[in-house]
Amino acid sequence: METASDEKPIVGFSTGEPGGIGPQLLLTILQGDAWKSEFIPVLYAPRRLIEQWRAFLGFSQLKYHLIRNPQEARPETLNLIDLPCKDEFRLRTSSPENGAIARLSFARAVEDARKGFFKLLVTLPVDKATFYDPDRFPYRGHTEYFAHLYPDRPLMVMVGETLRVAVATEHIPLSEVSRALTPDRVERTITRFVEALQVDFAIPQPRIAVLALNPHAGDDGLIGGEEKDWLRPLIARLSERYRVGGPYPADGFFGARQFYQVDGILALYHDQGLIPFKLLESWEGYQYTAGLPFVRTAPDHGVAYDKVGTNEVALDSLSAAIWNGLLILQRRQNALAYLSSSSS
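Chains are numbered independently. Their residues run from 1 in the order of the written sequence. Residue-level local features of this predicted model are given only where pLDDT is at least 70; pairs of side-chain atoms are given and counted only at 80 or more, and the full residue set underlies all totals for whole chains, interfaces and linings. Working from all heavy atoms in the structure, the side-chain values ignore hydrogens and water.

Describing the side chain of N79
Where we set the bar: Strands are runs of DSSP state E lasting at least two residues, helices are runs of H or I lasting at least four, and both sets are numbered from the N terminus onward. Side-chain atoms alone can form a polar contact between residues adjacent in sequence; in general such a contact is a pair of N or O atoms within 3.5 Å, and within protein one must be able to donate a hydrogen while the other accepts it. A contact between two residues is defined here by any heavy atoms of the two lying within 4.5 Å.
As for its position among the elements, N79 is in strand β4 (residues 78-82). Within polar-contact distance, the side chain of N79 engages the backbone oxygen of P41 at 3.1 Å. Here R74 takes part through its backbone nitrogen, which lies 2.8 Å from a polar atom of the side chain of N79. Ignoring any residue separated from it by four or fewer positions in sequence, one finds N79 in contact with I40, P41, V42, L43, H65, I67, E72, A73 and R74.

Section: the packing of aromatic side chains
The test is simple: The criterion for an aromatic pair is that two Phe, Tyr or Trp rings (for Trp, the six-membered ring) have centres within 6.5 Å, with stacked assigned to planes under 30 degrees apart, edge-to-face to planes over 60 apart and tilted to the rest. Remark: exposure states derive from per-residue accessible area (1.4 Å probe, protein chains only) relative to the maximum for the residue type, with buried under 20%, exposed over 50%, and partly exposed in between.
A complete count under the given rule lists 19 aromatic pairs for this structure. A centroid spacing of 6.1 Å and a plane angle of 65 degrees characterise the contact between F146 and F294, whose relative ring orientation is edge-to-face. Pair noted here: F146 is in helix α5 (residues 142-149) and F294 is in the loop between β11 (286-290) and β12 (295-299), with a separation of 148 residues, a long-range link. There is no split in this pair, since F146 and F294 are both buried. Considering the side-chain rings of F259 and Y260, the 4.7 Å spacing of their centres and the 45 degrees angle between planes classify their relative orientation as tilted. F259 sits in the buried class, given a relative accessible area of 2%. Judged by relative accessible area, which is 53%, Y260 ranks as exposed. Ring-pair connections join several aromatic residues into one group, and the members of that group are F106, F131, F137, Y139, Y145, F146 and F294.

Remarks on helix α10 (residues 270-281)
Let me state the cut-off plainly: The span expected for a helix works out to 1.5 Å for each residue beyond the first.
Spanning 12 residues, α10 covers 16 Å between terminal C-alpha atoms, matching the ideal 16 Å at 1.5 Å per step. Along α10, the residues classified as buried are Q272, G273, L274, P276, F277 and E281. Buried residues along α10 sit in contact with β6 (155-159), β7 (164-167), β8 (207-211), α9 (250-255), β10 (264-267) and β11. Count one or two residues on from α10 and you reach S282, which has phi positive near 55 degrees.

Examining the pairing of β8
Quick reminder of the rule: Any two strands are treated as partners once DSSP identifies two or more bridges connecting them. Seen with its strands pointing away from the viewer, a crossover is right-handed when the path leading from the first strand over the helix to the second is clockwise.
Burial analysis of β8 places four of its five residues in the buried class, the great majority of the element. Of the pairings in the sheet, the one linking β8 to strand β9 (residues 243-248) comprises four bridges and is parallel in character. By the bridge assignment, A209 is partnered in β9 with G245. A crossover connection joins β8 to the parallel β9 through helix α8 (residues 226-238); in handedness this β-α-β unit is right-handed. Where β8 lies against β10, three bridges are found, and the strand directions are parallel. Note that in β10 the partner of I208 across the bridge is G264.

What to know about the packing of helix α3 (residues 96-114) against α5
Note the cut-off: Only the stretch in contact is used when a helix axis is fitted, and all axes are lines through C-alpha atoms; the angle between N-to-C directions ranges over 0 to 180 degrees. Orientation categories follow fixed angle ranges, with anything under 35 degrees roughly parallel, anything over 145 roughly antiparallel, 65 to 115 roughly perpendicular, and all other angles oblique. Two helices cross in a left-handed way if the nearer one is turned anticlockwise from the farther one by less than a right angle. They cross in a right-handed way if the turn is clockwise. When residue character is reported, Ala, Val, Leu, Ile, Met, Phe, Trp, Tyr, Cys and Pro are called nonpolar, Asp, Glu, Lys and Arg charged, and the others, Gly included, polar.
Relative to each other, α3 and α5 sit at 45 degrees, their axes nearing to 12 Å. Regarding the angle of α3 to α5, the classification is oblique. Relative to α5, the crossing made by α3 is right-handed. Contacts from F106, V110 and R114 in α3 reach H142, Y145, F146 and L149 in α5. Of the residues contributing to the contact of α3 with α5, the split by class is five nonpolar, one polar and one charged.

Some words on the packing of helix α7 (residues 183-199) against α8
Viewed as axis vectors pointing N to C, α7 and α8 meet at an angle of 35 degrees, and their least axial separation amounts to 10 Å. Crossing of α7 against α8: the hand is right-handed. On α8, the residues that touch P183, V186, E187 and I190 of α7 are W230, L231, L234, R237 and L238. A breakdown of the residues in the contact of α7 with α8 according to their chemical character gives seven nonpolar, no polar and two charged.

A look at the side chain of S95
By the element assignment, S95 lies in the loop between β4 and α3. From its side chain, S95 meets the backbone nitrogen of N98 in a polar contact 3.1 Å long. For S95, the contacting residues outside a window of four places in its chain are R90 and T130.

With respect to the nonpolar core
Applied cut-off: Think of a nonpolar core as a cluster: buried Ala, Val, Leu, Ile, Met, Phe, Trp, Tyr and Cys residues, connected wherever their side-chain atoms sit within 4.5 Å.
I190 and Y288 are the most contacted members of the largest nonpolar core, which totals 66 residues. For this core, the leading source of residues is helix α11 (residues 316-343), giving seven residues. The contacts of Y288, once residues within four sequence positions are left out, are L155, M156, V157, V159, A196, D200, F201, R296, T297, I328 and R332. Counting residues in hydrophobic clusters, the runner-up holds 26 residues, among them A102, A109, Y139 and L149.

What about the sheet that holds β4?
What the 12 strands build is an open sheet, ordered β3-β4-β2-β1-β5-β12-β11-β6-β7-β10-β8-β9; its pairing is mixed. The sheet terminates laterally at β3 (64-67) and β9, the two strands that pair on one side only. Within the sheet, the average angular offset between the axes of one strand and its neighbour, ignoring direction, is 25 degrees. As judged from the five bridges shared by strand β1 (residues 10-14) and strand β2 (residues 40-45), these two strands associate in the parallel manner.

Take a look at the structure:
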């Protein structure tokens, strides 16, 4: 449905936490010219917020074009879909009002992506303390909202220069991980991960390592029974269809740098995968959500209130989310074109 340009894709941006580092990073990137020949940005944010950030950063020369929907977007300029707001925003901190705008921006951007107005959505970091609302938005993060819209499909994957780490249980307390993990859930996750690596990363036969839940992979049941009872048999069965191995004790796997031998790693819980990912990839990685009808990427860091307004910020992660998102979009389109030509 994109109509602004047949050559340049429209990229939708949700503003994230209005007082966090996200708007500063995005506006800094858009101050340059490298993007102008590659994509058309559409940002969902209150005009008042953008004016406040322009004044705060001294970006008075950064122009924008007000639009009602992405079909009105113009190339080589920031296109802004103005969202309603009542007051000025608090920078370097959050507030209930900031959280409400972060939710509205995200929901509007996702709605337009689902309508086909654009095929790449980049979400800026949110503050989960105010983004979550038990009555209006009962989701712990972006991925949980996607899971609500597309049950059993979204998969959070952290992507860097060296690692691609998928997470089976996402944002849940550690005390709930064991109950949340089931053979069916892990099998579906591995299948989605394989499909994503094949289509969106153009790896025909991806090699996937599954990490163990317990220390020492359970030591044959001495330190937990999940590996012995069902995880190892499940992986053995799936290895007949996919190039999947494990369960590997996480400390030994990363300590011996076995990640160089695989295309993807399945972590069974959040910190098991994200701690080594962020240690090895630093601010240069990005987050990608597999299993959606559009491409979604995001920086791999949080709101960083303490960095707002300083020069101690790096554009690497957001830049990686944008440019690699465009690469994933191109690979997906190539795969669809190949399938279409093969079936005709």
